[in-house]
Amino acid sequence: MKPIRLLTACNGIALLLASGWASTARAQAPSANVSVFAAGLNGPRGLKFGPDGALYVAEAGSGGDSGGFSCEQVPSPVGPYHGGLTARVSKISAGGQRTTVVDGLPSGKSSLPSGDTVGAADVAFIGDQLYVLVAGGGCSHGNPDKPNGVIQVDVNHGTWSYVANLSAFQAAHPTANPGPSVDDREPDGTWYGMVAVGDSLYATEPNHQEIDRISPTTGKIDRVVDVSPSSKTWVGPTGITYRGNFFFGNLAPFPIDPGSSNVFKLTPSGNFKVWDAGFTTVVGLAFDNRDRLYVLELSDAPGFPSPGAGKLVRVNPSGQVEDILTGLVVPTAMTIGPDGTIYISNFGAAPPGLGQVIRVDITD
């Protein structure tokens with residue numbers, strides 16, 4: 001079977017797992033150190049704590065009915081997409097209460113029977129200012145007037161505006177090996193993770209295989225690294241974090257080959273190398289205050305993603321790798337709270353309303 005790449009692959013997850021959603025949701029029971037922090041979310045993706053101590057969650061939304069535009073479309077069976085302004089960012093209080101920070105963001109629904117979506121992909125703060133990485137925009141996602149990009153949000157009024165147009169940047173600055181084969185190209189990209197470092201934002205895009213720097217004050221976009229020439233096999237950077245240098249994970253081609261994904265170390269100047277190998281479908285990374293790296297895996301099973309096969313592992317400074325939590329259902333992102341507790345977007349590529357954020361309290 002021909003390998004399927006990241007968000008062509010991710011867009012197929014709900015279809016591949018549709019028969020297992022209900023039974024898996026009933027079967028999953030929190031352990032002593034795991035609890036559901038928030039539920040009823042619409043495709044939870046990236047999440048970060050704000051300066052107010054609340055958790056902010058990007059949600060992909062449910063797409064819409066807009067489509068059929070005369071532009072390059074995502075190939076079938078994933079495309080064409082149907083766009084709408086249904087993505088949002090939610091704020092979760094310490095008690096788990098959800099409120100909407102901003103809605104009406106671009107969202108695209110695939111043509112798969114499951115209708116998997118892309119929308120708000122991640123969030124980040126620089127000071128008190130909230131920024132959102134938009135992945136559901138652009139003509140190829142059914143939203144020609146709302147490109148993929150980075151937006152800034154007025155959290156007090158729920159309004160937003162663009163600071164950078166990533167759709168235009170990718171069109172004008174193609175990567176060396178952007179994955180242009182007829183079965184997996186995403187013209188507007190499938191932006192995934194974002195982290196704030198200093199006064200800049202850094203975003204990963206797996207389909208075209210790049211990591212870019214965005215200045216929210218000027219809107220200038222610079223490519224930090226084009227990952228595509230580095231390997232004969234598609235890499236696809238996904239989750240990203242910063243600890244003196246950048247660290248990013250990758251999904252690797254589908255069908256899943258357990259142990260085929262890596263964690264890479266990336267300098268701000270664009271040099272990168274494998275930092276640790278042997279992971280599977282990496283979608284999130286985070287360091288704790290003891291320099292231990294937590295790695296979130298979408299599905300640690302061969303073939304295609306399986307309900308309940310998501311996993312959280314930890315890499316100790318000694319290099320020892322240990323399983324922390326298994327049984328996750330299509331997890332998509334993670335963050336560590338100010339108190340050291342881990343928060344994970346679970347059911348992240350599931351139908352709207354099934355998404356949840358789980359809280360994982362680790363005592364050792």
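Residues numbered from 1 in each chain as written. Predicted model: local features only at pLDDT ≥ 70, side-chain atom pairs only at ≥ 80, totals over all residues. Heavy atoms only, no water.

1. Quick notes on the confidence of the model for the protein chain
For the protein chain, the mean per-residue pLDDT works out to 89, and 90% of the residues sit at or above 70. With pLDDT under 50 throughout, residues 1-32 is counted as low confidence; its partners more than four residues away or in other chains account for 76 contacts. (pLDDT = per-residue confidence, 0-100. Contact = heavy atoms within 4.5 Å.)

2. Section: the state of the cysteines
Tallying each qualifying case throughout the model produces one disulfide. There is a disulfide in this structure between cysteine 71 and cysteine 139, and the S-S distance comes to 2.1 Å. Across the S-S bond of cysteine 71 and cysteine 139 the torsion is about -95 degrees, and the bridge reads as left-handed. Placement of cysteine 71 in the loop between strand S3 (55-59) and strand S4 (82-92) and of cysteine 139 in the loop between strand S8 (129-134) and strand S9 (149-154) is noted, with a sequence separation of 68 residues between them. Judged by its relative accessible area of 27%, cysteine 71 is partly exposed. (Disulfide = S-S within 2.5 Å. Helix = DSSP H or I, 4+ residues; strand = E, 2+ residues; numbered from the N terminus. Buried < 20%, exposed > 50% of the residue type's maximum accessible area, 1.4 Å probe, protein only.)

3. A short note on the side chain of aspartate 212
Along the polypeptide, aspartate 212 turns up in strand S13 (residues 210-214). Among the polar contacts made by the side chain of aspartate 212, one reaches the side chain of arginine 223 at a distance of 3.3 Å. If we ignore the near neighbours within four places in the chain, the residues touching aspartate 212 are Phe169, Trp191, Leu201, Tyr202, Ala203, Ile221, Asp222, Arg223 and Val224. (Polar contact = N/O pair within 3.5 Å; in protein donor to acceptor, adjacent residues only side chain to side chain.)

4. Overview of the sheet that holds strand S24 (residues 342-346)
Where strands meet in a sheet, backbone hydrogen bonds hold them as pairs that are either parallel or antiparallel. The four strands lie next to each other as S1-S25-S24-S23, forming an open sheet whose pairing is antiparallel. Here the strands that pair on one side only, and so sit at the sheet edges, are strand S1 (34-41) and strand S23 (333-336). Between one strand axis and the next, the sheet turns through 20 degrees on average, direction left out of account. Note: S1 against strand S25 (residues 355-360), six bridges, orientation antiparallel. Among the inter-strand pairings, leucine 41 is bridged to a residue of S25, identified as glycine 355. (Pairing = 2+ DSSP bridges. Axes fitted to C-alpha atoms, helices over the stretch in contact; angles between N-to-C directions.)

5. Remarks on the sheet that holds strand S12 (residues 200-205)
Across the sheet, which stays open at both edges, the four strands sit in the order S11-S12-S13-S14 with antiparallel pairing between neighbours. The open sheet terminates on both sides in strands that have one partner only, identified here as strand S11 (194-197) and strand S14 (221-226). Geometrically, the sheet is characterised by an average inter-axis angle of 25 degrees between neighbouring strands, direction not taken into account. Bridge count between S13 and S14: five bridges; the pairing is antiparallel. If you follow arginine 213 over to S14, its bridge partner there is aspartate 222.

6. Some points on the environment of glutamate 205
Along the chain, the position of glutamate 205 falls in strand S12. Overall, the relative accessible area of 0% leaves glutamate 205 in the buried class. Through-space distance from the C-alpha of glutamate 205 to that of threonine 238 is 6.9 Å; in sequence the pair is 33 residues apart. Excluding residues that lie within four positions of it along the chain, glutamate 205 makes contacts with Gln170, Gly189, Thr190, Trp191, Glu210 and Pro237. At a separation of 2.5 Å, a polar atom in the side chain of glutamate 205 contacts the main-chain amide nitrogen of histidine 208.

7. Some remarks on the pattern of salt bridges
Counting across every chain of the model gives 14 salt bridges. Between aspartate 122 and lysine 48 there is a salt bridge, and its shortest N-O distance comes to 3.1 Å. Remark: lysine 48 occurs in strand S2 (residues 44-49) and aspartate 122 occurs in strand S7 (residues 120-126); sequence separation between them is 74 residues. Among the ionic pairs, arginine 292 bridges to aspartate 288, the shortest N-O distance being 2.7 Å. On the accessibility criterion, aspartate 288 (7% relative accessible area) is buried. What you see here is one network of salt bridges that share partners, running through Glu210, Asp212 and Arg223. (Salt bridge = Lys/Arg side-chain N within 4 Å of Asp/Glu carboxyl O.)

8. Structural notes on the nonpolar core
Most often, soluble globular proteins keep nonpolar side chains buried together rather than apart. Ranked by internal contacts, the top residues of the largest apolar core, which has 26 residues, are Leu325, Met334, Ile342, Ile344 and Val360. When residues of this core are traced back to their parent elements, those giving at least two are strand S19 (282-287), strand S20 (293-297), strand S22 (321-328), S23, S24 and S25. If sequence neighbours within four positions are ignored, leucine 325 has contacts with Val34, Gly310, Lys311, Leu312, Ile344, Ile358 and Val360. Within the second largest apolar cluster, 17 residues are counted, among which are Ala121, Ala135, Val150 and Ala203. (Core = buried A, V, L, I, M, F, W, Y, C linked by side-chain atoms within 4.5 Å.)

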